[in-house]
Amino acid sequence: MLEQWQQLLATSFSVFLDDIYLQALAALVGFCFIGLLFDRMLALWLKFFSGKQPSASEQHMLEYFRRPVFYSLILTGLASASLLLALAENIQSLIFSVLYTLAIIIWARLLLKISKKTLQSFSSHPEKVKVLTPKTLPLFENIAFILIIVIAVYYIFINWNIDMTAWLASAGIVGIAVGFAAKDTLANLFSGVFIMADAPYKIGDFVVLDGGERGEITQIGIRSTRLLTRDDVEVTVPNSVMGNTKIINESGGRHEKFRIRVQVGVAYGSDIDKVRDILMQVGMDEETTCDSPEPRVRFRQFGPSSLDFELCCWIEQPVLRGRILDKLNTAVYKAFIKEGIEIPYAKQDLYIKEMPGSGCSGE
């Protein structure tokens with residue numbers, strides 16, 4: 001193919017110029033002129049044929065492509081000039097290897113810029129790609145950077161006829177060693193990505209872990225998740241643990257509202273209709289409970305020493321559970337005392353058949 005290109009160039013330029021040095025110079029100048037012409041035409045196309053002013057993203061893409069295309073045409077001109085000069089084979093091969101390496105570097109830089117801009121654009125709209133958020137953006141940028149650099153270096157080595165077999169084998173051994181040494185870190189890393197993609201919880205949610213810890217999610221990182229308990233104690237849990245444990249998200253579901261239950265027992269023989277009315281009134285009178293859904297009263301079971309009732313109320317946020325439950329318990333207790341309803345409690349009666357020493361005769 002190079003011979004055909006050389007023959008085409010020689011035939012084309014020999015019509016106007018006989019000197020090969022002038023032909024080489026003309027080829028170089030011609031490709032530079034084509035590069036400038038392409039640069040101008042690209043700018044005019046965006047300005048006039050799009051029917052509007054170029055957007056910020058279009059201007060960035062234009063700026064990204066203009067230089068690589070212009071430099072690539074200059075490299076093509078240098079390669080064509082070297083073909084026209086009919087240099088020695090070893091010199092020709094060296095020139096082509098250098099030009100090819102420069103071309104790879106130029107386009108690798110372009111790919112790095114485009115990948116970074118694209119990832120930043122997607123991270124600003126996490127609803128499109130859930131796994132790509134501002135927090136995971138550095139991870140994906142580093143992955144893209146490594147992939148592009150590795151591919152570019154691979155083709156540069158091939159261009160210089162460097163055997164990659166030994167390098168790939170060494171890289172594989174190093175990768176296995178690093179994988180074993182950093183298996184916990186890698187497990188946390190990938191679990192963090194999956195958590196952000198699956199989104200079982202988000203910052204601000206109240207969760208209960210399998211170990212009993214309950215708190216608000218304050219940070220979801222690549223390595224760990226942090227939650228703040230009601231005692232203002234921050235708990236840091238590795239993402240590998242979070243990804244393999246049962247998590248109760250009290251803020252999840254259709255809405256953030258949370259149901260609390262006031263469990264109370266009344267003595268056998270109590271007027272259960274009156275108990276229902278009192279409990280319902282307590283739930284309705286509490287301002288911090290939700291009107292929709294409204295409070296409910298349930299007669300749960302016949303207990304060993306009491307009739308067990310349950311007042312179910314909805315609250316706006318799970319964080320309010322303890323505070324509102326305290327108010328409801330207090331109101332129920334006062335209402336039962338006022339209405340004369342007994343709340344039974346465990347009692348133990350002690351019967352003494354005879355006093356110690358009562359069976360002995362006095363002396």
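Right above here is the structure, for reference.
Residues numbered from 1 in each chain as written. Predicted model: local features only at pLDDT ≥ 70, side-chain atom pairs only at ≥ 80, totals over all residues. Heavy atoms only, no water.

A. Spatial organisation of the pattern of salt bridges. Evaluation of the coordinates by the stated rule reveals six salt bridges. Note that Arg-321 and Glu-250 form a salt bridge whose closest N and O atoms lie 3.9 Å from each other. Note that Arg-321 is positioned in helix 10 (residues 321-339) and Glu-250 in the loop between strand 5 (248-249) and strand 6 (258-266), a separation of 71 residues in sequence. Put simply, Glu-339 and Lys-274 hold a salt bridge, and the shortest N to O gap is 3.3 Å. Remark: Lys-274 occurs in helix 9 (residues 272-285) and Glu-339 occurs in helix 10; sequence separation between them is 65 residues. Taken together, the shared-partner salt bridges connect Arg-214, Glu-250 and Arg-321 into one network. (Salt bridge = Lys/Arg side-chain N within 4 Å of Asp/Glu carboxyl O. Helix = DSSP H or I, 4+ residues; strand = E, 2+ residues; numbered from the N terminus.)

B. Structural view of the sheet that holds strand 7 (residues 296-302). In spatial order, the strands read 6-8-7; together these three strands make up an open sheet with antiparallel pairing. Of all the strands in the sheet, just strand 6 and strand 7 have a single pairing partner and so form its edges. Each neighbouring strand pair of the sheet contributes to a mean axis angle of 25 degrees, computed without reference to strand direction. Note that strand 7 and strand 8 (residues 307-315) share six bridges and pair antiparallel. Pairing of Val-297 across the sheet is with Leu-311, part of strand 8. Along the sheet, helix 9 contacts strand 6, strand 7 and strand 8; its crossing angle with strand 8, the most-contacted strand, is approximately 20 degrees. Contacts between helix 10 and the sheet are confined to strand 6 and strand 8, with strand 6 contributing the most and set at about 30 degrees to the helix. (Pairing = 2+ DSSP bridges. Axes fitted to C-alpha atoms, helices over the stretch in contact; angles between N-to-C directions. Contact = heavy atoms within 4.5 Å.)

C. Geometry of the nonpolar core. Counting 24 residues, the largest nonpolar core has Leu-279, Phe-309 and Phe-336 as its most contacted members. Those elements that place two or more of their residues in this core are strand 6, helix 9, strand 8 and helix 10. Contact partners of Leu-279, with chain neighbours within four places excluded, come to Val-264, Val-297, Phe-309, Leu-311, Val-332 and Phe-336. (Core = buried A, V, L, I, M, F, W, Y, C linked by side-chain atoms within 4.5 Å. Buried < 20%, exposed > 50% of the residue type's maximum accessible area, 1.4 Å probe, protein only.)

D. Here's a closer look at the packing of helix 9 against helix 10. Contact pair helix 9 / helix 10: the axes reach a minimum separation of 10 Å and the direction vectors enclose 140 degrees. One way to sum up the angle between helix 9 and helix 10 is to call them oblique. When you trace helix 9 past helix 10, the crossing you get is right-handed. Packed against helix 9, whose contacting residues are Lys-274, Val-275, Ile-278, Leu-279, Val-282 and Gly-283, the element helix 10 presents Leu-328, Ala-331, Val-332, Ala-335, Phe-336 and Glu-339 at the interface. The residue makeup of the contact of helix 9 with helix 10, split by class, is nine nonpolar, one polar and two charged. (Parallel < 35°, antiparallel > 145°, perpendicular 65-115°, else oblique. Left-handed = near helix turned anticlockwise from the far one by under 90°. Nonpolar A, V, L, I, M, F, W, Y, C, P; charged D, E, K, R; others polar.)

E. Examining the packing of helix 4 (residues 89-123) against helix 5 (residues 137-159) more closely. For the pair helix 4 and helix 5, interaxial distance at closest approach is 10 Å and the crossing angle is 165 degrees. The angle between the axes of helix 4 and helix 5 places the two elements in the roughly antiparallel class. Of the two possible hands of crossing, helix 4 and helix 5 adopt the one that is right-handed. Classifying every residue of the contact of helix 4 with helix 5 by side-chain character gives 16 nonpolar, six polar and two charged.

F. Structural context of the environment of Val-98. Assignment of secondary structure puts Val-98 in helix 4. Sequence separation between Val-98 and Ile-156 is 58 residues, and the spatial gap between their C-alpha atoms is 9.6 Å.

G. How the structure looks around the side chain of Ser-115. One can find Ser-115 in helix 4. Once residues lying within four places of it in the same chain are set aside, the contact partners of Ser-115 are Ala-144 and Ile-148.

H. Geometry of the side chain of Arg-214. Structurally, the position occupied by Arg-214 is in strand 2 (residues 214-220). For Arg-214, a relative accessible area of 14% gives the class buried. A polar contact of 3.0 Å, which involves the side chain of Arg-214, links it to the side chain of Glu-250. Within the local environment of Arg-214, its side chain forms a polar contact with the backbone oxygen of Pro-318, the two atoms lying 2.8 Å apart. Dropping the residues within four chain positions of it, Arg-214 is found in contact with Phe-206, Val-207, Val-208, Leu-227, Thr-229, Arg-230, Glu-250, Pro-318, Val-319 and Arg-321. (Polar contact = N/O pair within 3.5 Å; in protein donor to acceptor, adjacent residues only side chain to side chain.)

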